[in-house]
Amino acid sequence: MNYRRVLRHWALLAAGGLALLGWPGRVWAQSGGQRGSLDAGDIATLFNIVLVLAVGVFVLVEGLLIFALVRYRRRSRDEMPEQVHGNNRLELGWTLGSAVLVIILFFFTLGFYQQPRGLPQTDDVLTVEVTGNTWFWEFHYPDTGVRTTGEFNVPAGQPVVLEITSRDVQHSFWLPELAGKVDAIPGRVQRLWFQVDEPRIYIGQCAEYCGLRHYDMPIRLNVLPVQEFAAWMDEQAAAVAAAQEVDLEAEAAGLTGNVAAGQALYTALGCVACHSLDGTPGVGPSYLGLGERAGTMIEGYSAEEYVRESILRPCDYVVEGFNCVMPQNYGDQLSAQDLADLVAFALSN
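Residues numbered from 1 in each chain as written. Predicted model: local features only at pLDDT ≥ 70, side-chain atom pairs only at ≥ 80, totals over all residues. Heavy atoms only, no water.

**Q** How would you summarise the overall build of the chain if you had to cite specific residues and measurements?
**A** A count of helical and extended segments in the chain gives nine helices and 10 strands. Looking at the 349 residues of the chain, the share that counts as buried comes to 34%. Across the chain, every contact between residues at least 6 apart in sequence was considered, and the portion connecting residues at least 24 apart equals 64%. Counting only carbon and sulfur atoms, one obtains 59% of the accessible surface of the chain, whose full area is about 20800 Å². (Helix = DSSP H or I, 4+ residues; strand = E, 2+ residues; numbered from the N terminus. Buried < 20%, exposed > 50% of the residue type's maximum accessible area, 1.4 Å probe, protein only. Contact = heavy atoms within 4.5 Å. Areas by Shrake-Rupley, 256 points an atom, 1.4 Å probe, with all protein chains shown as cover.)

What follows is the structure, encoded as structure tokens:
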């Protein structure tokens, strides 16, 4: 009976030890392989060196503990196990061994930090402004005025500089496979750069708890072949230009909107799918009461100006509690009169 109990205890101990030995592997798997950017390879190499040394130390220490438990256990009730007090050779050995490990890690880490990591000194840099919001990421290409949310595109083989900040609370921009994590802090711009040569998708997440919907802040980076990225950017820039043109045209013409025609557009364009008329919560704010609150949303803006620009550039006017998921190509779909009609209908509620 006692033999079985002892055997069971040892079996549990061995199972626990194996589970602990598997933990470093789990940590490595969470790292995602880190293969995307220029720095990712160096960081992954340094991480693996530290991991191998740490696993070696772990196995050695736990092995000695198990050895001591077995070798010096009490074998009967009347037996006093062998008592050991101090071992100069052993103490000298682990002191020197620890010092050697620290020296090895110091030189590996020093070599990593001495490599140049400043921003790329070239004109061929794509700058993307990244803004954290509660709870979505906004990406702005300042050279073209293009905006996206939740995901963004960059070309393969070109240096990319991200200028990261936050509009409200602190967030943390993190793409594990690019080995980049930078806090997004209100009022401060922090920079992160990378160059990815392999066209593929990289997935990230806000790494700083920022509120109840912190979980709903994924990041998707699409690294595209150069020509595919150029075609996408041209299309998006054309949509931005069209929106600006329609906006200016509508403002200059001073058109009067037709509510009935606007209601027909509200249905035809699918606005009804996201914006209710009776206050029912949806993907976007309800139109109910919009006529009363639109003129108070931005100081200096009339209700018409606010609604018109919100339709043409929705990501610039995201209402608190909502994400910018609205299409940004209505400048291509609406004439100045259509826009005036849709604004008139929205404000009539």
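**Q** Summarise unusual backbone geometry; cite the residues concerned and give the values.
**A** Here the bond from Thr 134 into Trp 135 is cis, since omega is 5°, no more than 30 degrees from zero. Structurally, the position occupied by Trp 135 is in the loop between β1 (126–133) and β2 (136–141).

**Q** Explain the side chain of His 214 to me, using residue names and the numbers behind them.
**A** One can find His 214 in the loop between β9 (201–205) and β10 (218–224). By relative accessible area, His 214 is classed as buried at 17%. Those residues within four positions of His 214 in sequence are excluded, and the remaining contacts are Trp 135, Gln 205, Cys 206, Ala 207, Glu 208 and Tyr 209.

**Q** Quick one: what's the story with the pairing of β2, residue by residue and with numbers?
**A** Within β2, six of the six residues are buried, leaving the element largely enclosed by the surrounding structure. Here β2 shows two buried faces, one formed by Phe 136, Glu 138 and His 140 and the other by Trp 137, Phe 139 and Tyr 141. Note: β1 against β2, five bridges, orientation antiparallel. Bridging across to β2, Gly 132 finds its partner in Trp 137. Hairpin connection from β1 to β2: two residues lie between these consecutive antiparallel strands. Pairing of β2 with strand β3 (residues 146–149), which is carried by four bridges, proceeds in the antiparallel orientation. (Pairing = 2+ DSSP bridges.)

**Q** So what about the pattern of salt bridges? Which residues, and what values?
**A** A complete count under the given rule lists six salt bridges for this structure. Salt bridges sharing partners connect three or more residues here, namely Glu 138, Arg 147 and Arg 167. (Salt bridge = Lys/Arg side-chain N within 4 Å of Asp/Glu carboxyl O.)

**Q** Requested: an account of the packing of helix α7 (residues 303–312) against helix α9 (residues 336–347), with residues and values cited.
**A** The N-to-C vectors of α7 and α9 enclose an angle of 115°; their axes lie 10 Å apart at closest approach. For the pair α7 and α9, the sense of crossing is right-handed. Between α7 and α9, the residues in contact are Ala 303, Glu 304, Val 307, Arg 308, Ile 311 and Leu 312 and Leu 339, Leu 342, Val 343, Ala 346 and Leu 347, respectively. Looking at the contact of α7 with α9 residue by residue, the classes come out as nine nonpolar, no polar and two charged. (Axes fitted to C-alpha atoms, helices over the stretch in contact; angles between N-to-C directions. Left-handed = near helix turned anticlockwise from the far one by under 90°. Nonpolar A, V, L, I, M, F, W, Y, C, P; charged D, E, K, R; others polar.)

**Q** If you had to explain the nonpolar core to someone new, which residues and values would you point to?
**A** If you look at the biggest cluster of nonpolar residues, it comprises 34 residues, and the most contacted ones within it are Val 128, Trp 137, Tyr 141, Phe 152, Leu 162, Phe 173 and Leu 221. Excluding residues that lie within four positions of it along the chain, Val 128 makes contacts with Phe 139, His 140, Tyr 141, Phe 152, Val 160, Val 161, Leu 162 and Glu 163. Formed by 22 residues, the second largest nonpolar core is a distinct cluster that contains Tyr 266, Leu 334, Leu 339 and Leu 342. (Core = buried A, V, L, I, M, F, W, Y, C linked by side-chain atoms within 4.5 Å.)

**Q** Now, about the pairing of β9: what can you tell me, with residues and values included?
**A** Here β9 shows a buried face lined by Tyr 202 and Gly 204 and an unburied face lined by Ile 201, Ile 203 and Gln 205. The pairing of β9 with β10 spans five bridges and is classified as antiparallel. The residue bridging Ile 203 from the neighbouring strand is Arg 220, located in β10.

**Q** Got a sec to walk through the environment of Pro 314? Specific residues and values, please.
**A** Its location among the elements puts Pro 314 in the loop between α7 and α8 (330–333). For Pro 314, a relative accessible area of 6% gives the class buried. Taking the C-alpha atoms as reference, Pro 314 lies 6.5 Å from Met 326; in sequence the two are 12 residues apart. Those residues in contact with Pro 314, other than ones at most four positions away along the chain, are Glu 309, Cys 324, Met 326, Pro 327 and Gln 328.

**Q** Lay out the packing of helix α5 (residues 259–268) against α9 with the relevant residues and their values.
**A** Each pair of packed helices can be described by the angle between their axes along with the distance between the axes. The contact between α5 and α9 brings their axes to 7 Å, and the two run at 95°. By the angle class used here, α5 and α9 are roughly perpendicular. Every residue of α9 that contacts α5 at Val 259, Ala 261, Gly 262, Gln 263, Leu 265 and Tyr 266 is listed here: Asp 338, Asp 341, Leu 342, Ala 344 and Phe 345. Within the contact of α5 with α9, the residues separate by chemical class into seven nonpolar, two polar and two charged. (Parallel < 35°, antiparallel > 145°, perpendicular 65-115°, else oblique.)

**Q** Give a detailed account of a nonpolar patch on the surface, specifying residues and quantitative values.
**A** A contiguous nonpolar surface patch, about 430 Å² in accessible area, is contributed by Val 57, Leu 60, Val 61, Leu 64 and Leu 65. Position of Leu 60 relative to the elements: it lies in helix α2 (residues 38–71). (Patch = residues over 30% accessible without salt bridge, like charges linked within 9 Å, V, L, I, M, F, W, Y side chains within 5 Å.)

**Q** Give me the lowdown on the sheet that holds strand β4 (residues 151–155), citing residues and values where you can.
**A** Taken together, the three strands give an open sheet; going across it, the order is β4-β10-β9, and neighbouring strands pair in mixed fashion. If you trace the sheet from one side to the other, it starts and ends with β4 and β9, each paired once. Sheet twist, expressed as the average angle between the axes of neighbouring strands with direction ignored, equals 20°.

**Q** With reference to specific residues and values, describe α5.
**A** Residues Gly 262, Leu 265 and Tyr 266 constitute the buried set of α5. End-on, the buried residues of α5 take up no more than an arc of 105°, which puts them together on one face. Of the exposed residues in α5, the ones pointing more than 90 degrees away from its buried face are Ala 260, Thr 267 and Ala 268. Against the buried residues of α5 lie α9. Phi turns positive, to about 85°, at Gly 270, one or two residues after α5. (Arc of directions from axis to C-beta.)

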